[in-house]
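So the chains spell out like this:
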Amino acid sequence: MASPSLMESLFQRSLEDLIKSMRLTLPSSLPDFISKSVDEIRREIKSTDPLTKSTALQKLTYLHSLHGVDMSWAAFHSIELSSSPAHSHKRIAYLSASLAFNPFTTDVILLLTHQLRKDLASSNVHDVGIALSTLSSIANTDLSRDLTPELFNLLASGKFLVRKKATACLLRVFEQYPEAVRVCFKRVVENLECNDVAVLSATVGLFCELAVKEPRSYLPLAPEFYKVLVECRNNWVLIKVLKIFSLLSPLEPRLGRRVVDPICEHLERSGAKSLVFECVRTIVASLSEHESAVKLAVGKIREFLSDDDSNLKCLGLQALTIVAEKHLWAVMENKEVIVKALSDIDVNIKLEALRLVMSIVTVDNVAEICRILISHALKSDPEFCNEILGFILLTCSRNFYEIIYDFDWYVSFLGEMARIPHCQKGKEIEDQLVDIGMRVKDARSELVHVARDLLIDPALLGNPFIHKVLSAAAWVSGEYVELSRNPFELMEALLQPRTSLLPPSVRVVYVQSTFKVLAFCMHSYLSLDREDASPSTESTDYQVNSDAEASGSLPNAKMDGDIVVIAPELTSAASSMAHHLTRKSMMDLVLLVESNLGPLAFSDEVEVQERANNILCLIKFMKSNLHGSSDQLEGDKMNGELEALEVIKLTVDTFSEELGPVSVNAQDRVPVPDGLQLKENLSDLEAILSDFKLTISTSFSLVKPCSTEKDAPSIAECQNKDETELSTESTSLLAEHRKRHGLYYLGSHDKEMIADDYPPANEPKLNATDETEGLLKLAEQSIVTKKKPNQSKPRPVVVKLDDGEGANGTSKRPEFKSDLISGAVQDVLLGNEVAPSSSRSKSSDKSSKRRENNEFVVGIPGSRNMTTNIDATEPVLAGSSRRKDHIHGEDREDKSSMKEKERDQQSEKKKGRRRGKHKSGRRAEVVLNMETKSPVIPDFLL
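Residues numbered from 1 in each chain as written. Predicted model: local features only at pLDDT ≥ 70, side-chain atom pairs only at ≥ 80, totals over all residues. Heavy atoms only, no water.

1. Digging into the overall build of the protein
Rules: Only DSSP runs of H or I reaching four residues or more are called helices, and only runs of E reaching two or more are called strands; each is numbered from the N terminus. Whether two residues are in contact is decided by their heavy atoms: any pair within 4.5 Å suffices. Here the accessible surface of atoms and residues is derived via Shrake-Rupley with a 1.4 Å probe, and residues count as covered only by protein chains that are part of the display.
Summing up its helical and strand segments, the protein has 45 helices and three strands in all. Considering only residue pairs separated by 6 or more positions, the protein has 72% of its internal contacts joining residues 24 or more positions apart. Summed over all atoms, the accessible surface of the protein reaches about 48,600 Å², with 52% contributed by carbon and sulfur.

Structure, rendered in structure tokens:
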């Protein structure tokens, strides 16, 4: 494409013209207008006239900033324009470079090195400023290495504006090229004593950012930071220094004792809220051992809490949250404000108040506080309601439920929490229900009871937020079915028609639990059918033959000689189980399962289809043994029952292995086999299945089961029988569904087993009441009671893993360049500088090398030792004369090393054992001296 002509350059549109034309363009035509403007810019930018090129680049930068137009193609034109002597053109070029250049992908970025070096050495302050700003945005390893000498010179510039920008640019340069620390670090430290506030602010800000990554490396600079803390009067500089001391104080206790008084002085004297809050946060976070300072900080926090400004109130609550970790009395003093903040209009204030309330939860008051918070949740908006539920779940499950002693209460509480109308924490409740079932054996009985209450409520099936909870309830019911009082009732709940509203992932769990319940009932029936079980005359125990216990047909049975003794609390469950296991009840149960799971054998969901077919195959095999034809020979009948019992026993044994908790890192520790390509050929799957679309059924349709048995009851007979019995049933939710869908329910063989205590759908038992006074009393009790709670029964055993559960064992700490920066800082402060790799750095750093072995002197007002020799802390290894040889010259180093080699060779020939002892002694001295290599706090802290 030809370059623009003279006429086109004369009539070139300016940026102002482009903006006006864009505003007059209709929104629908804006993309076309931008496309035409970019084509116009492509022609104009090729002009050799700097003014035309700069105007085109200015318009392109505007389109890139506001409309995201790609301008990577104009990178070379930005470099061309940067060489213009006019500052206005240079500014546009550098602006476009800082916006569009990618330090790692822009190929022509190295072409800018010479121009940046030239502008950094310019006498024009503005040219130096825009060059430093651009370098801080686009610096990569090569640019940082090549331009480090220029930055070193600018750090000592007499123009404070240049020195400030050079200091601000160093953070990016240090990250990209850590060796630059060895060149520039001492001059950065010298700038801590600069009289200009802007330079001092930039320097302290640089150290603040560096100390966040590795604070220990900057402990030797504590005297300089202390001087700034005492003498500086700029609030923003003091805030940065306080942030540095909050990082350094936990590493050195003496430092905290030294800085606490100046911080308290700033806290009492300053009227700036920002500085006061930073002083408070430094005290409560890093100086909490100093009681007087903490009391002063809590007083300032109280002023923040009583302020009308919502921002200050929120900051006060945040600071109080930090204090609560070690000083709960501070929460006690402000309990009225905290409880009142739970009803504040500002969401952030409510969240901070909620965190404070959860910080006072103990073993004694966890149940009462949870009840009060649920009352607040019922009165709150849906968003804050779920925040409350999330905090409760997180606090109660912390450290393997360490504050939960009554797991029966907590399991019941989880069930009630799921019924809150706005509850969206189904996934978290599901995880805890399953986790408690696997970890706490004593809580399984109550788990089954809570799961039963959830499964039999048809209204819950229509709430998508509770589907995960229903999945956990179905899993618990199937996994621990032996603890259920009425497995037939569970089967009806798992197969009710409204289960069609469940997603396939939950439907699969329902079907699998149905399999477990059916196998358990069949196993119990076939085992009891072969036994002559006779109940004992005793009123407390229920006894059957010991074969029942061996077959696993009865729950929690214990051997007493040759008799199985059922625990008294399970007597009613065992007796009702034996009472219901009749041939008629089992036939009704099989018919119920077959009629409901028959349509699922043709489901589009593979998991649902497979599990349904497994159950139907088991039913087909067991039908002949359940019917028991009258003309069948007695021997054949016995053989068939034995075969059926064996198959059912194998099925039950499949589910009898108790599941335990699995560490979250278990899968990560499994090594991947060599040559395994997990993602191989998966990209072809979309092309293969592009024409195949699955249709997920949202309705549930039943078909008449195909039964060839003559003595099987018909559907009409079952329906008529249920209609005659419904008149005497209770008005429970399950009874109501019996009226509507009597076809799909079992007949009531024992009317006493039908309970009428079902909780109503989406109506929790917890009432929303005003519990402010109760919460205040609980706050007082949480401060006073520090003893171990006196529980009526011991805490159940919570199973834990021994392989570091909860810690991500495979996550490795990423290697970051800050580690290299910290190492370079330590070398500089300890006098172990190594010359940088670039030749330019060597040539420009001669002045700093002359001062390498001199004392690094800093002064602190009021300290006993006004000078601190940083180099004196450098360790000297035993047997090494490196420091002395460095002082007296390289010739002596060569001579001494030659003499040592000769002595070593002679000692090896004559005294081998003595040489071994000598080496071991040297190694011990090396270890002792290496321990002194860590940074040492100067004597001003003593």
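2. Description of the nonpolar core
Under the convention used in this document: Here, nonpolar core refers to any group of buried Ala, Val, Leu, Ile, Met, Phe, Trp, Tyr and Cys residues whose side-chain atoms link them within 4.5 Å. A simple rule labels every residue: compare its accessible area, found with a 1.4 Å probe on the protein chains alone, to the largest value its type can have, and call it buried under 20%, exposed over 50%, or partly exposed in between.
Counting residues in hydrophobic clusters, the biggest one holds 201 residues, and the most contacted among them are F185, F207 and I436. Leave out the neighbours within four places in its chain, and I436 touches Y401, F407, Y410, V411, L414, A443 and L447. Among the nonpolar cores identified, the runner-up in size contains 19 residues, and V38, A56, L57 and A93 belong to it.

3. Concerning the pattern of salt bridges
Note the cut-off: Criterion for a salt bridge: a side-chain nitrogen of Lys or Arg within 4 Å of a carboxyl oxygen of Asp or Glu.
Taken as a whole and assessed by the stated rule, the structure comprises 30 salt bridges. Taking the shortest distance from any N to any O, the salt bridge between E278 and K243 comes out at 3.5 Å. Highlighted residues: E278 in helix α16 (residues 273-286) and K243 in helix α14 (residues 235-248), separated in sequence by 35 residues. Sharing partners across several salt bridges, the network here consists of R13, E40, E44 and K59.

4. Brief notes about the environment of L394
Structurally, L394 is set in helix α23 (residues 382-396). In this structure the C-alpha to C-alpha distance between L394 and E428, which are 34 residues apart in sequence, comes to 9.0 Å.

5. Thoughts on the packing of aromatic side chains
We describe a pair of aromatic rings using the distance from one ring centre to the other and the angle between the two ring planes. Our working definition: Between the rings of Phe, Tyr and Trp (Trp by its six-membered ring), a pair exists once the centres lie within 6.5 Å; its type follows the angle of the planes, with under 30 degrees stacked, over 60 edge-to-face, and the other angles tilted. Ring-over charges, as used throughout, are those where CZ of Arg or NZ of Lys falls within 6 Å of the ring centre and within 35 degrees of the ring normal.
With the rule as written, the count across this model stands at nine aromatic pairs. For the pair F185 and F207, a centre-to-centre distance of 5.7 Å together with 90° between the ring planes defines the contact as edge-to-face. With F185 in helix α11 (residues 180-190) and F207 in helix α12 (residues 197-213), the pair connects residues that are 22 residues apart, well separated along the chain. Take F185 and F207: they sit in the same class, and that class is buried. Each ring, one from W475 and one from Y480, has its centre 5.9 Å from the other, and the planes form 90°; the classification is edge-to-face. We note that W475, like Y480, is buried. Following the ring pairs from residue to residue traces out a cluster consisting of Y401, F407, W409, Y410 and F413. One residue, R42, lies across the ring of W73, its end atom 4.1 Å from the ring centre.

6. Quick look at the packing of helix α18 (residues 310-323) against helix α21 (residues 347-359)
Each packed pair of helices is defined by two parameters, the angle between the axes and the distance between the axes. Counted only if it meets this: Think of each axis as a best-fit line through the C-alpha atoms, taken over the contacting stretch in the case of a helix, with angles from 0 to 180 degrees between the N-to-C directions. With respect to orientation, any angle under 35 degrees is reported as roughly parallel, any angle over 145 as roughly antiparallel, any angle of 65 to 115 as roughly perpendicular, and every other angle as oblique. Note on convention: near helix rotated counterclockwise from far helix by under a right angle means a left-handed crossing. Clockwise means right-handed. All residues other than Ala, Val, Leu, Ile, Met, Phe, Trp, Tyr, Cys, Pro, Asp, Glu, Lys and Arg, Gly among them, are scored as polar; the first ten of these are nonpolar and the last four charged.
Relative to each other, α18 and α21 sit at 20°, their axes nearing to 9 Å. The angle between α18 and α21 falls in the class roughly parallel. Between α18 and α21 lies a crossing of left-handed hand. Between α18 and α21, the residues in contact are S310, K313, C314, L317, Q318, L320 and T321 and N348, I349, E352, A353, R355 and L356, respectively. Partitioning the contact of α18 with α21 into residue classes produces six nonpolar, four polar and three charged.

7. Section: the packing of helix α6 (residues 87-100) against helix α8 (residues 125-138)
Two elements in contact, α6 and α8, have axes whose closest approach is 9 Å; the angle formed by their N-to-C orientations is 10°. Considering their axes alone, α6 and α8 lie roughly parallel with respect to each other. Taken together, the residues of α8 that come into contact with α6 (itself represented by H87, K90, R91, Y94, A97 and S98) are H126, D127, I130, A131, T134, S137 and I138. For the contact of α6 with α8, the class distribution of residues is five nonpolar, five polar and three charged.

8. Focus on unusual backbone geometry
Unlike most non-glycine residues, N399 shows phi in positive territory, near 55°. Tracing the backbone shows N399 in helix α24 (residues 398-401). Positive phi is not limited to glycine here, since F400 has a value of about 60°. As for its placement among the helices and strands, F400 is situated in helix α24.

9. So, the side chain of D435
The criterion, for reference: Definition of a polar contact: a pair of N or O atoms within 3.5 Å, with one able to donate and the other able to accept a hydrogen when the atoms are protein atoms, and with sequence-neighbouring residues admitted only if both atoms are side-chain atoms.
By the element assignment, D435 lies in helix α26 (residues 426-439). At 2.8 Å, the side chain of D435 forms a polar contact with the side chain of R439.

10. Considering α23
We count it as follows: Expected span of a helix: the number of residues minus one, times 1.5 Å.
Taking 1.5 Å per residue as the helical rise, α23 with its 15 residues ought to reach 21 Å, and the 21 Å between its terminal C-alpha atoms agrees with that figure. Where α23 is concerned, the buried positions are F384, C385, N386, I388, L389, F391, I392, L393, T395 and C396. The secondary structure elements touched by the buried residues of α23 are α21, α22 (366-379), α24, α25 (407-418) and α26.

11. Let's talk about the state of the cysteines
Rules: Disulfide assignment relies on a single distance test, namely cysteine sulfur atoms paired within 2.5 Å.
Summed over all chains, the structure comprises zero disulfides. There is no disulfide at C423, and the cysteine sulfur nearest it, in C385, is 7.2 Å away. On the accessibility criterion, C423 (2% relative accessible area) is buried.

12. Notes on the environment of V608
Take V608: it is sitting in helix α34 (residues 606-627). In the structure, V608 is positioned 99 residues away from V509 in sequence and 8.8 Å away in space, judged by C-alpha atoms. Leaving out residues up to four positions away in the same chain, V608 has contacts with P504, R507, V508, L600 and S603.

13. What about the side chain of S471?
Note that S471 resides in helix α28 (residues 467-479). Each residue touching S471, except ones within four places of it in the same chain, is listed here: E430, V506 and V509.

14. Describing helix α3 (residues 30-44)
With 15 residues, α3 extends 21 Å between its outermost C-alpha atoms, agreeing within 8% with the 21 Å of an ideal straight helix rising 1.5 Å per residue. Looking at the packing, one finds that the buried side of α3 touches α2 (15-24) and α4 (50-67).

15. Regarding the confidence of the model for the protein
Detail in the predicted coordinates should be disregarded across regions flagged by low pLDDT. In plain terms, the rule: Looking at any residue, its pLDDT shows the predictor's confidence there, from 0 to 100.
With 65% of its residues at a pLDDT of 70 or more, the protein shows a mean pLDDT of 74. Scored below 50 in pLDDT, residues 694-731 makes 50 contacts in the model with residues more than four places away or belonging to other chains. In the model, residues 807-816 has pLDDT below 50 throughout and makes seven contacts with residues more than four positions away in sequence or in other chains.

16. Points about the environment of S270
By secondary structure assignment, the location of S270 is in the loop between α15 (253-269) and α16. Distance from S270 to R233, taken between C-alpha atoms, is 9.9 Å for residues 37 residues apart in sequence. With residues near it in sequence (within four places) discarded, S270 still touches L275 and V276.

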